[in-house]
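# Fold and contact review
Now for the letters of each chain:
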Amino acid sequence: MIRFFLLQNRQGKTRLSKWYVPPPPPPNGTTSTEAEKARIEAEVHRLATARDKKYTNFIEYNNYKLIYRRYAGLFFTIAVDITDNELSYLETIHLFVELLDSYFSNVCELDIVFNFNKVYSILDEYMLAGEIEETSKKEILDRVKFLEKME
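Parameters and conventions
- Residues numbered from 1 in each chain as written.
- Predicted model: local features only at pLDDT ≥ 70, side-chain atom pairs only at ≥ 80, totals over all residues.
- Heavy atoms only, no water.
- Core = buried A, V, L, I, M, F, W, Y, C linked by side-chain atoms within 4.5 Å.
- Buried < 20%, exposed > 50% of the residue type's maximum accessible area, 1.4 Å probe, protein only.
- Helix = DSSP H or I, 4+ residues; strand = E, 2+ residues; numbered from the N terminus.
- Contact = heavy atoms within 4.5 Å.
- Pairing = 2+ DSSP bridges.
- Expected span 1.5 Å × (residues − 1).
- Polar contact = N/O pair within 3.5 Å; in protein donor to acceptor, adjacent residues only side chain to side chain.

A few words now on the nonpolar core. Grouped together as the largest cluster of nonpolar side chains are 30 residues, with contacts concentrated most on Phe 5, Phe 76, Ile 78, Phe 96, Leu 100, Ile 122 and Met 127. Taken together, the elements giving at least two residues each to this core come down to strand E1 (2-9), strand E4 (64-71), strand E5 (74-81), helix H2 (86-104), helix H4 (116-126) and helix H5 (137-150). Considering each element in turn, this core owes the most residues, 10 residues, to H2. Leave out the neighbours within four places in its chain, and Ile 122 touches Phe 96, Leu 99, Leu 100, Tyr 103, Ile 140 and Val 144. Counting residues in hydrophobic clusters, the runner-up holds 13 residues, among them Val 44, Ala 48, Ile 59 and Tyr 68.

What follows covers the pairing of strand E2 (residues 14-19). The pairing of E1 with E2 spans five bridges and is antiparallel. Following the sheet pairing, Leu 7 is matched in E2 by Leu 16. In this structure, the hairpin formed by E1 and E2 is closed by a connection of four residues, where Gly 12 is found at a positive phi of approximately 100°.

Attention now goes to H2. Counted at 1.5 Å a residue, the expected span for H2 with its 19 residues is 27 Å, and the 27 Å between its end C-alpha atoms agrees. Turning to H2, its buried residues are Tyr 89, Leu 90, Thr 92, Ile 93, Leu 95, Phe 96, Val 97, Leu 99, Leu 100, Tyr 103 and Phe 104. Where H2 begins, one side-chain oxygen reaches toward the backbone nitrogen of Leu 87, 3.0 Å away; that side chain belongs to Asn 85. Two residues or fewer after H2 comes Ser 105, characterised by a positive phi angle close to 45°.

Right, here's the structure in full:
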């Protein structure tokens, strides 16, 4: 099961953050859930960017696994259960990037920043409640375009 999905740039700015499972409460209990999410996002960014390219794109972090992939200046990161298949989630990230690329025709960070509602819409059509809902690129894009017509 997917715990969270993050899209961050090289500077650590989170461009997309979708949490399917709330973060575990901190041991001291003094910080809020939002502060804990921000702390985890910063730590995930630090781990992914500092990692040498000769190592795998899988990191065991707390009680789950981080699978990340870098496209241009953006890091796509998924946190999943320890027992989940890493390679299937690498393909999940790649399909999401293909979806964005097809929708925006050669996507860039600015497309994501200025059209974040469309990016969330594509992600929601792809993943639902921490599970992959649809894997057909055509089906997902058709649904998103249909929803656009209804607006």
